[in-house]
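Here's the letter readout for the chains.
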Amino acid sequence: MMKAAFIFPGQGAQKIGMGKDFYETFEVSKAVYDQASSWLGMDVCELCFEENDRLNITRYTQVGLLTTELAILKAVEEKGIRPVVTAGLSLGEYAAITAAGKISLEDALRVIDKRGLYMQEAVSVGGAMSAVIGLDMEVIRKVCEETEGIVEVANDNCPGQTVISGEAEAVAAAGEALKTAGARMVTPLKVSGPFHSSMLKGAGERLKPELEKVQWMHSDIPYVSNTTAELVEDQDKILPLLVRQVSESVRWQEDVKVMIDMGVDTFIEIGPGKTLAGFMKRIDRKIKCINIETVKDMEKLEALIC
């Protein structure tokens, strides 16, 4: 019997038109977009489906991407596939917690709207992020520690791909040192701030009162925390972890290994792009991973069910 994990991408996966075919095909998906627009007081369909300059602004990116992931999730759930565990990269963790049955759609969307806003406002302090390709994690950590200023590991995505984050000058200096240390490539990322670094700690603290308003729910499906790379089953543990998640490293490679150790044999990436499927090939090529981005991709689920 298949043991499936639902996984959800984070910021950077967004694109104009994402989810539109689900909106037009599935009533459950359409309802998510319409409800999001009503709850948040903004036209989420326009944000996601029509050409605009807002979708790459952090606050709106997070609203649009989470809405799309939840809309696709509802269509996937109608197929009767039930995960044994969920996980999501950065903001994708909110979709994972929703898919695990521990937060309502409305609460998840209301919180992500504030999360995106607070993170956006926090980036006024400046900062940068860079992807480091082809270097051991311990070497990267050592270089960051030895670099003057704030520069930290933001994402451990997969073997050979790590993201660093912090003050712009420190990130640039660390990047040069990492090249000298043997990195195959260090590429500055087109982001608006130093996400998942200690520079965002204030944004996490601002988010805490919003998380305290949430009615956390019990369910028998665990999710894997970005922050600790551990299974979370108790709803009382979620709030403090999400406060920390804004400013602490995303341990995605470890998250995936936790799920594989559980016996997961099929990963279903729900949302735009194939980012997580790409990471999966580097983490463990033997594990099946499919992505559900378009209505046509739903045919892949039919094959799993059969």
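Asker: Residues and numbers for the sheet that holds strand β5 (residues 161–166), please.
Answerer: On the basis of which strands lie adjacent, the open sheet formed by four strands has the order β4-β5-β3-β6 and antiparallel pairing. For this open sheet the edge positions go to β4 (151–158) and β6 (185–188), each flanked by a neighbour on one side alone. Between one strand and the next, the sheet's axes are offset by a mean angle of 25 degrees, whatever the strand orientation. In terms of strand pairing, strand β3 (residues 128–133) meets β6 through four bridges, oriented antiparallel. When the sheet's bridge partners are listed, S130 is paired in β6 with P188. Helix α8 (residues 168–180) contacts β3, β4, β5 and β6 of the sheet and is inclined by roughly 145 degrees relative to β5. Taken strand by strand, helix α12 (residues 275–283) contacts β4 and β5, and its axis lies near 80 degrees from that of β4.

Asker: Outline the side chain of S225, supporting the account with residue identities and numerical values.
Answerer: Assignment of secondary structure puts S225 in the loop between β7 (223–224) and β8 (231–232). A polar atom in the side chain of S225 sits 3.0 Å from the backbone nitrogen of T227. One polar contact links the side chain of S225 to the main-chain amide nitrogen of T228, over a distance of 3.2 Å. Beyond its immediate sequence surroundings of up to four residues, S225 is in contact with E93, E230, V232, L241 and D255.

Asker: Give me the lowdown on a positive patch on the surface, citing residues and values where you can.
Answerer: On the surface, a cluster of positive charge is made up of R184, K274, K281, R282 and R285. Relative to the helices and strands, K274 is located in the loop between β9 (266–270) and α12. Owing to a relative accessible area of 55%, K274 belongs among the exposed residues under this scheme.

Asker: Report on the packing of aromatic side chains, specifying residues and quantitative values.
Answerer: The relation between two aromatic rings is expressed through the spacing of the ring centres and the mutual angle of the planes. The tally for this structure, following the rule as stated, stands at four aromatic pairs. Put simply, the rings of Y23, Y33 and F49 touch in pairs and so form one group of aromatic residues.

Asker: Please set out the pattern of salt bridges residue by residue, giving values where relevant.
Answerer: Applying the stated criterion to the full structure yields 16 salt bridges. For the salt bridge of D113 with R59, the shortest nitrogen-to-oxygen distance reads 2.8 Å. Here R59 lies in helix α4 (residues 58–78) and D113 lies in helix α6 (residues 105–122), a separation of 54 residues in the sequence. D113 sits in the buried class, given a relative accessible area of 8%. Taking the shortest distance from any N to any O, the salt bridge between E210 and K213 comes out at 3.4 Å.

Asker: How would you sum up the environment of L109? Please name residues and give values.
Answerer: Counting through the fold element by element, L109 comes out in helix α6. Residue class for L109 comes out buried when judged on its relative accessible area of 0%. With 33 residues separating them in the primary sequence, L109 and V76 have C-alpha atoms 19 Å apart. When sequence neighbours within four positions are dropped, the list of residues in contact with L109 reads A36, W39, L40, V63, L66, T67 and L70.

Asker: I'd like a description of helix α5 (residues 92–99), backed by residues and values.
Answerer: Within α5, eight of the eight residues are buried, which leaves the element mostly enclosed by the surrounding structure. G92, E93, Y94, A95, A96, I97, T98 and A99 are the residues of α5 that are buried. One or two positions beyond α5, positive phi appears at G101, with a value near 80 degrees.

Asker: Before we move on, can you summarise the side chain of S90 with the specific residues and values?
Answerer: Along the chain, S90 turns up in the loop between β2 (85–88) and α5. Residue class for S90 comes out buried when judged on its relative accessible area of 12%. For S90, the contacting residues outside a window of four places in its chain are R115, H196, N226, Q245 and V250.

Asker: Just give me the short version of the nonpolar core, but keep the residues and values in it.
Answerer: By size, the foremost hydrophobic cluster in this structure holds 71 residues, and its most contacted members are F6, L66, L211, W216, I268, I292 and L301. Setting aside chain neighbours within four positions, we find I292 in contact with F22, I72, V76, I268, E269, I270, G271, D297, M298, K300 and L301. Residues A5, I7, L89 and I283 belong to the second largest nonpolar core, which totals 18 residues.

Asker: Which residues make up the packing of α4 against α6, and what values go with them?
Answerer: Here α4 crosses α6 at 155 degrees, and the two axes come no closer than 7 Å. Taken together, α4 and α6 sit at an angle that is classed as roughly antiparallel. Every pair of crossing elements has a handedness; the one defined by α4 and α6 is right-handed. Residues T58, R59, Q62, V63, L66, T67, L70 and K74 of α4 pack against L105, A108, L109, I112, D113, R115, G116, L117, M119 and Q120 of α6. Looking at the contact of α4 with α6 residue by residue, the class counts come to nine nonpolar, five polar and four charged.

About the thresholds
Residues numbered from 1 in each chain as written. Predicted model: local features only at pLDDT ≥ 70, side-chain atom pairs only at ≥ 80, totals over all residues. Heavy atoms only, no water. Pairing = 2+ DSSP bridges. Helix = DSSP H or I, 4+ residues; strand = E, 2+ residues; numbered from the N terminus. Axes fitted to C-alpha atoms, helices over the stretch in contact; angles between N-to-C directions. Contact = heavy atoms within 4.5 Å. Polar contact = N/O pair within 3.5 Å; in protein donor to acceptor, adjacent residues only side chain to side chain. Patch = residues over 30% accessible without salt bridge, like charges linked within 9 Å, V, L, I, M, F, W, Y side chains within 5 Å. Areas by Shrake-Rupley, 256 points an atom, 1.4 Å probe, with all protein chains shown as cover. Salt bridge = Lys/Arg side-chain N within 4 Å of Asp/Glu carboxyl O. Lys, Arg positive; Asp, Glu negative; His and termini not counted. Charge placed at Lys NZ, Arg CZ, Asp CG, Glu CD. Buried < 20%, exposed > 50% of the residue type's maximum accessible area, 1.4 Å probe, protein only. Phe/Tyr/Trp six-rings, centres within 6.5 Å; stacked < 30°, edge-to-face > 60°. Core = buried A, V, L, I, M, F, W, Y, C linked by side-chain atoms within 4.5 Å. Parallel < 35°, antiparallel > 145°, perpendicular 65-115°, else oblique. Left-handed = near helix turned anticlockwise from the far one by under 90°. Nonpolar A, V, L, I, M, F, W, Y, C, P; charged D, E, K, R; others polar.

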